[in-house]
Every structure is written in C-alpha cells, then in structure tokens.
Amino acid sequence: MIYRKDKPSETGPDVILIGAGIMSATLGMLLKELDPTLTIEIYERLGKAAAESSDAWNNAGTGHAAFCELNYTPELADGAIETSKAVKIAASFEVSRQFWAFLIQQEHIELPAYFIRSLPHMSFVWGQDNVSYLRKRYEALTKCHLFKGMQFSQEPDELREWIPLVMEGRDNRGPVAATRMDIGTDVNFGALTRCMFDQLKEMEGVRLYFNHQVRNLKRQDDGRWRVKVKDRASGQKRKVSAGFVFIGAGGGALPLLLKSGIPEARGYGGFPVSGQWLKCTNPEVINKHQAKVYGKAAVGSPPMSVPHLDTHYINGAKELLFGPYAGFTTRFLKSGSFFDLPLSVKANNLRPMLIAGIKNIPLTRYLINQVRQDPEDRLVALREYYPEAKAQDWQLEIAGQRVQVIKKDPRHGGVLEFGTEIVTAADGSLAALLGASPGASTAVSAMLELMARCFPEQMKSAAWQEKLQRMIPSYGKSLADDAQLLEEVRAWTSEVLGLQNTVVS
C-alpha cells in the first residue's frame, strides 16, 4: 500500500485518523513512535477528545482483563467452561499496560495519578446452579498463570469483608459465592485518551481538528483516499487526500465504512444499544464499597448490559455506579442522529440485518422491557446486588452508546457479534474498527493487529521490530504460554503505573 506521499505534487497527510477516541489515540502514538516522519491529521466531530465511548462517564472504566466478566467464560453443553476468550483478553490487557508504562517511563505522556489504580475485580452470584458455575469457572481459569491469585469464597463472613454493601441484608437468601482478583484495575480511559492527544498535537507533522466532521471518502485512481471534511463551526467544506485512513469513530465508524465502498465492508450492519447508570449520591454508601462486582447477564441481554456494582474514579473523585440499564435508540452515537440506523441499511446488508434480527428476538424483547422500566423497576434490579439500597441515594445518568456488529455469515446468513471487529481494505489503505466490549482495554492489541494487516512490510522490518519490542517487551511472544515473562512484565508495569502486584511470588 501507499501509506506516505511518493510524489512532490501530492498534498495532504500520510495518515488520516477519524475520531478522537482511545483507538485513534493509540494508533497515532504507535505510528509516530515507529515512524516519527509520518504526517497525520485527526478529525473529530465534537469539540474535545474522548467525548463519546472513551469518556469516563460513558464506560465503566473496568480494565477488562476477564477477571470478573462472566460473559467471557461461557459454560458449554457438557458443563465445561470455555476459557479461550478470557485468556486472550487477559493477555491483551497486559499488552496495553506495557505500552502505557513505556509512554510514561519515556516521558512521552504526562498522565494524572488517577488515570489508573488498583481495584479488586469480583464476580458475584447466588443460587446453587450459579454457585456451581462460578466454582467451575474459578477452577478452569486458575489453571492459567494469567489468573494466578484469584480467590473463591462461599463463606458469608469473608464475603462481608470483601463486599459489605452486597452482603448487607442478604441473610437467608440461599447460597452465594464470589471470586476476587486483587490486581484488577479501574481506568479513566477519557483521561488517558486526552493525554495521548495532547502529546500527539505537539509532535511535528500532526494536526488535530475538533468540530470537523468527515462526510465522505472515496478511493482515488492512484490508491490514495480523498476525504471530504466539514468544519461544523464555520460550515466550510474541504477535501484532503491521504495514503492511509483509519475510521475509529466508535458508533460513527459503520456509516463511514459503508461510504468507503470497499468490497470488504459489504454485508456489515449495526445494532445500537444505549445505556444508563444509577449513580450513588450518598458519600457514606460510596465509601463502603471498594470493588468492581460483576454478575450474570439476563437471558437475551447484550454483554454491555452485564450488571455490575462499580467503584469508579472519575477525575479524582470516587463514584459508585450500578448498571448499565440497556435501552434502544436508532442513534449510533450519544450525540448522533435518530436517522443513523435507517440510513445504515443498504442493499448489501439488509438480508444479514434482517436474519440477525429474527434470530435475536430475545434481545429485542429484553431491550423493550428495559426501555419500559420505571424507577421502581431499576431499584429492584439494584437491590439484587445491594439489598439495602434506598431510592433517595441514587440518580439516573445517561451512559455511552454502543453499536453491536452485524455481519454476513455463509452458514447462518447474518449474525450479531458482541465483540470488536477490524475491517480492512484488501490493499491495507483503509481500516475501521467496529463493535464494543472489551474495546478500550484491548486497544493496543487491536491496533497492533490492524497495523499487521495494513503495514505488513513495515511491521516485519528490523527497525519496527526493534522498536515494538522496546515498547512492548512481550511483543511477538505469548503471555498465555510464558509464565516467567508474564511475571516480569507485570512487575515492571505495576511499578511504573503504581499498581498492586500481589501475584508475583
């Protein structure tokens, strides 16, 4: 692919990044570290970075490492626990930690102390079947060194020490159980993203444009991309060309990917899911909880709707959130248009979207029920995790918007995906990231995969390989297979990031 200008007459940057979220920030930092001579332009439709999915109020801030998320470890028909997804996600988060530690150690970014901190990750269940499942999950995961240090308990006294709010008033309600990982983290992805963009815009050859919306993009005969941009403040429109374009606009990525016209985008659709939190307003209650506690998702619910009672540090202040309560809207972004969903329906994705919709009737029913909830319904759900909750201590807050991926499937016609999906043009000149969870926590691994597809020759070069291994010491190796390497990188990142590392022997 042509990723940089090769003619003196060409105008425009080498790279265009669409969207100022965690993915574009990560890709921009990686590319400038690997090739400082690259010119990059970043376009964001809103007035600041990380204003949508990456913002601290729009996500739970969980450093997703699969320690507590039960949807990453499904129980199979034979009763066994599938752990491959959890292992992959846990390893990916370790990669992110390494890159963040490198940036800090090299003084490439100056992050506030509250950007990441140690916070136990816990799973909590009740009922004999769920307790049995959690024990099997614990036994399966702890066979892998990535989950060394995980604790399991059914003892009420111990659980009252771990999670007093969750256990208050729970007497005589049947068996309960929890797992705990003390090396879990809480991450302010908004702060992280904005710090990376603050650094990027100071680098030579990088320009960051806020309040600029990309309206269209088209491949030119020479292989470069011509991108149409509108200044939302002045109304001025212009065209700019680039050798490589990344569409990292969260929920806004799908419409732009479809406009690109690349064959690889055919058949992709999106299903938007909105979210809400209950935010605790009582400092006494907030101070009694110190963990991220995840439960089991309701039947038919999307993974982003897994209920959790979360301690979350936002701009230095300790918050307590419960949710998210899912909802449905036709918007693809929190600040998007109600026409986003209907305008995304094209001739080449109509069939997959219809088939996926028919096959996911329970999800539709679940979302309708969530939309119809009143404050009393939400309080009932909260009291499953905090039995003594009082309505006056909580207020409703709007959370982020997620677009689940729908894509063609040769066997089923169309499937609804709940992870993330990287779509790239055959020549590597354009890439888009679609989907939601685990998202931000695995951004570094996702962008490395993207670069392997779009910059294959450069990624194989000795110069880039040497730099990648310096930035990410485990690069090219498996943290799931190498316990010693994991111990070494965890010790290093824990020290640099100021995190607990109780699993090191």
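As shown above, the structure is provided for reference.
Let me begin by describing the structure that accompanies this report. Since we're looking at a predicted model, the values are computed, not measured.

**Thoughts on the environment of Lys 292**
Here is step 1: Within the fold, Lys 292 resides in strand β14 (residues 292–294).
Here is step 2: Each C-alpha atom of the pair Lys 292 and Thr 62 lies 7.6 Å from the other, and the pair is 230 residues apart in sequence.

**Points about the pairing of strand β2 (residues 40–43)**
Here is step 1: The two faces of β2 match: Ile 40 and Ile 42 on one face and Glu 41 and Tyr 43 on the other face are all buried.
Here is step 2: In this sheet, β2 lies alongside strand β1 (residues 15–18) in parallel orientation, the contact comprising four bridges. What sits directly across from Leu 17, in β2, is Ile 42.
Here is step 3: With helix α1 (residues 22–34) bridging β1 and the parallel β2, this β-α-β connection has right-handed handedness.

**Remarks on the sheet that holds strand β11 (residues 237–242)**
Here is step 1: With antiparallel pairing, the three strands of this open sheet are ordered in space as β9-β10-β11. Edge positions in the sheet fall to β9 (212–219) and β11, since each has one partner strand and no second. Mean inter-strand twist for the sheet, computed between neighbouring axes without regard to direction, equals 25°.
Here is step 2: Sheet topology places β9 next to strand β10 (residues 225–231); seven bridges connect them, and they run antiparallel. Note on β10: the bridge partner recorded for Val 214 is Val 229.

**Side note on helix α16 (residues 483–497)**
Here is step 1: For α16, which comprises 15 residues, the first-to-last C-alpha distance of 21 Å matches the rise-based estimate of 21 Å (1.5 Å per residue) to within 8%.
Here is step 2: Taken together, the buried positions of α16 are occupied by Leu 485, Leu 486, Val 489, Arg 490, Trp 492, Thr 493, Ser 494 and Leu 497.
Here is step 3: Those residues of α16 hidden inside the fold are in contact with α2 (84–105), β3 (116–118) and α15 (462–471).
Here is step 4: Measuring from the backbone nitrogen of Gln 484 back to the side-chain oxygen at the start of α16 gives 3.3 Å, which picks out Asp 482 as the cap.

**Digging into the sheet that holds strand β20 (residues 420–424)**
Here is step 1: Overall, mixed pairing links the six strands, which are arranged β8-β2-β1-β12-β21-β20 in an open sheet. The open sheet has two edge strands, β8 (206–209) and β20, and neither has a second partner. When the angles between neighbouring strand axes are averaged without regard to direction, this sheet yields 15°.
Here is step 2: Contacting β12 (244–247), β20 and β21 (430–435), helix α13 (residues 443–454) crosses the sheet at an angle of about 20° to β20.

**Let's talk about the side chain of Asp 393**
Here is step 1: With respect to the secondary-structure elements, Asp 393 resides in the loop between α12 (375–383) and β17 (394–398).
Here is step 2: Put simply, Asp 393 is tucked away with no salt bridge, and the nearest opposite charge, on Lys 390, sits 5.5 Å away.
Here is step 3: Once residues within four sequence positions are removed from consideration, Asp 393 is found in contact with Lys 279, Cys 280, Thr 281, Asn 282 and Val 285.

**Quick word on unusual backbone geometry**
Here is step 1: Of note in the backbone geometry, Asn 211 takes a positive phi value of approximately 55° without being a glycine.
Here is step 2: For Asn 211, the location among the structural elements is in the loop between β8 and β9.
Here is step 3: Of note, Asn 315 is a non-glycine position whose phi angle comes to about 55°, a positive value.
Here is step 4: Tracing the sequence through the fold places Asn 315 in the loop between β15 (308–314) and β16 (317–327).

**Quick look at the nonpolar core**
Among soluble globular proteins, nonpolar side chains are generally buried collectively.
Here is step 1: Counting residues in hydrophobic clusters, the biggest one holds 80 residues, and the most contacted among them are Phe 99, Trp 100, Phe 147, Phe 246, Leu 448, Leu 450 and Met 451.
Here is step 2: Per-element tally for this core: the top contributor is α2, with 12 residues.
Here is step 3: Those residues within four positions of Trp 100 in sequence are excluded, and the remaining contacts are Phe 93, Phe 115, Ile 116, Val 187, Phe 189, Leu 192, Val 444 and Leu 497.

**What to know about the pairing of β1**
Here is step 1: Burial along β1 is two-sided: Val 15 and Leu 17 facing one way and Ile 16 and Ile 18 facing the other are all buried.
Here is step 2: Sheet topology places β1 next to β12; four bridges connect them, and they run parallel. Looking at β12, one finds that Ile 16 is bridged to Val 245.

Reading the values: rules and limits
In this numbering scheme, every chain counts its residues from 1 along its sequence in written order. Given that this is a predicted model, residues contribute local features only at a pLDDT of at least 70 and side-chain atom pairs are listed and counted only at 80 or more, while totals for whole chains, interfaces and linings are drawn from all residues. In computing side-chain properties, one takes all heavy atoms of the structure into account and sets aside hydrogens as well as water. Secondary structure elements are defined from DSSP: runs of H or I of at least 4 residues count as helices, runs of E of at least 2 residues count as strands, and each element is numbered from the N terminus. Each residue is assigned to one of three classes by its accessible area relative to the maximum for its type, calculated with a 1.4 Å probe on protein chains only: buried under 20%, partly exposed between the two thresholds, exposed over 50%. Two strands form a pair only when DSSP identifies at least two bridges running between them. With the strands pointing away from the viewer, any crossover whose connection runs clockwise from the first strand over the helix to the second is right-handed. In this description, a line fitted to the C-alpha atoms serves as the axis of each element, helices being fitted only across the stretch in contact, and the angle between N-to-C directions of two axes falls anywhere from 0 to 180 degrees. The length a helix should cover is 1.5 Å for every residue beyond the first. Throughout, a residue-residue contact means that at least one pair of heavy atoms, one from each residue, lies within 4.5 Å. Polar contact is the term for a pair of N or O atoms within 3.5 Å; when the atoms are in protein, one must be able to donate a hydrogen and the other to accept it, and sequence-neighboring residues count only if both atoms are side-chain atoms. We score Asp and Glu as negative and Lys and Arg as positive, and we do not count His or the chain ends. By convention in these notes, a salt bridge is any Lys or Arg side-chain nitrogen within 4 Å of a carboxyl oxygen on Asp or Glu. Put simply, buried Ala, Val, Leu, Ile, Met, Phe, Trp, Tyr and Cys residues joined by side-chain atoms within 4.5 Å make one nonpolar core.

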